Amino acid sequence: MIPYGRQDITPADIAAVTAVLESDWLTQGPAVPRFEAALSARCGARHAVAMNSATSALHVACLALDLGPGDLLWTSPITFVASANCARYCGAEVDFVDIDPATLNMSPVALAAKLERARAAGRLPKIVVPVHFGGQSCDMRAIGALAQQYGVRVIEDAAHAIGGRYDGAPIGGGRHADITILSFHPVKIITTGEGGAALTNDPALARRMARLRSHGTTREPAEMAAAPEGLWCYEQLELGYNYRLTDLQAALGLSQLERIDAYLARRAALARRYGARLAALPLSTQRILSECASAWHLYVVCLDRHDRRRVYEGLRAAGIGANVHYIPVHLQPYYRALGFKPGDFPAAERYYRGALTLPLHARLSDAEQDRVIAALEEQLT
Ligand SMILES: *Cc1c(COP(=O)(O)O)cnc(C)c1O
């Protein structure tokens, strides 16, 4: 089976992890701040806080922005459930903003209309979480301007998008957001096994997220309630978690980050090749805006008139690991039980009915991609 995504592990990665195994530090140690410095340099953010997953980073980001019971977070229905669940961890409510059917990202037009209605109803969200679907940035100029106008905080879910660019700058630079989240799950652009990070330009948010990652504790005398009795002292200032990344993972991440440009170039070349070769088939592809360079985590097609299930099963039978991203989050049983129902977000539901993800990863060869294309042509003709 040709998988839709997979990691690339080299001898250099193995040597980097082995070196940590032979060192004094296995848990969060010197490799973590090195990885954080490399991430913030790469993404153009002042601070990076590495964590054991993007899900943890989303949770901590919401807490750092004081999301709690009675508050509201809005995200896209076409995302992984984690983008919404982070609000539920904080006891807050979730709602969704429908997608733009061309870019498949949160529609700024739908967001503007929903914000206007929410203000009239006196129920504005505290946080909006735009998701850079497939690796293409959302229209962050529009979303950032709306957030300012309505006093809403922004967390960019860039789990798909490390290395992508928007308006001539790397995603994660925080021009239109308070915090940006990255994921290092093995199917994403670079991996640490499990792992994630939160990027921000705000030193107070960075400090708070670093504290929440480690039980809410600090060793900084300046942050303590009382003058420390001695160097052994730490203080727990609030309720935090153990969301730390290990040095083993950080060393792997540092090693992977050295190859990110090659990964991005290969993904972009494969996406261009798909675009050219699929142009005559009865399907549509994600529109890429001129101000965006996608990191190409996913290559999705939307079938115009074929039965998605039949095509999916045909591809699988041919050894092609097609997938579907995503089942609209509001249609998950957990969210239906909170009151969401079919018809709530029509553009997301229409996209989902025809959506299919084709294999795309840095190690996919031209010959394998040719097999994918041939199998898809066979299904659609
Ligand atoms: C993968 C993913 C996450 C969660 O990432 P983990 O590192 O697995 O916790 C969150 N949001 C989106 C959009 C994702 O694709």
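Residues numbered from 1 in each chain as written. Predicted model: local features only at pLDDT ≥ 70, side-chain atom pairs only at ≥ 80, totals over all residues. Heavy atoms only, no water.

Draft legend 1. Spatial organisation of the overall build of the protein chain. Helices and strands together make up the secondary structure of the protein chain, namely 13 helices and 15 strands. Dimensions of the protein chain, computed from the C-alpha atoms along their principal axes, are close to 75 × 60 × 40 Å. Residues classed as buried in the protein chain amount to 56% of the 381 residues present. For the protein chain, the proportion of contacts with a sequence separation of at least 24, taken over those separated by at least 6, is 73%. In the structure as shown, the protein chain presents an accessible area of about 15,900 Å², 53% of it carried by carbon and sulfur atoms. Charge-centre separation for the protein chain: the mean point of 39 positive side chains lies 4 Å from the mean point of 38 negative side chains. (Helix = DSSP H or I, 4+ residues; strand = E, 2+ residues; numbered from the N terminus. Buried < 20%, exposed > 50% of the residue type's maximum accessible area, 1.4 Å probe, protein only. Contact = heavy atoms within 4.5 Å. Areas by Shrake-Rupley, 256 points an atom, 1.4 Å probe, with all protein chains shown as cover. Lys, Arg positive; Asp, Glu negative; His and termini not counted. Charge placed at Lys NZ, Arg CZ, Asp CG, Glu CD.)

Draft legend 2. Structural context of the packing of helix 10 (residues 308-317) against helix 13 (residues 366-380). Direction vectors running N to C along helix 10 and helix 13 enclose 140 degrees, while the axes themselves pass 10 Å from each other. Between helix 10 and helix 13, the angle falls in the class oblique. The hand of the helix 10/helix 13 crossing is right-handed. For the pair helix 10 and helix 13, the contacting residues are Arg310, Val311, Gly314 and Leu315 in the first and Ala375, Leu376, Gln379 and Leu380 in the second. Residue classes in the contact of helix 10 with helix 13 are distributed as five nonpolar, two polar and one charged. (Axes fitted to C-alpha atoms, helices over the stretch in contact; angles between N-to-C directions. Parallel < 35°, antiparallel > 145°, perpendicular 65-115°, else oblique. Left-handed = near helix turned anticlockwise from the far one by under 90°. Nonpolar A, V, L, I, M, F, W, Y, C, P; charged D, E, K, R; others polar.)

Draft legend 3. Representation of the pairing of strand 15 (residues 355-358). A two-sided burial pattern is seen for strand 15, the buried positions comprising Ala355 and Thr357 on one face and Leu356 and Leu358 on the other. Taken together, the four bridges between strand 14 (residues 299-303) and strand 15 define a ladder with antiparallel strand orientation. Within strand 15, the residue paired with valine 301 across the bridge is leucine 356. (Pairing = 2+ DSSP bridges.)

Draft legend 4. Structural view of helix 8 (residues 247-257). With 10 of 11 residues buried, helix 8 is to be regarded as a mostly interior element. Where the residues of helix 8 are buried, they touch helix 1 (11-21), helix 2 (31-43) and helix 9 (260-278).

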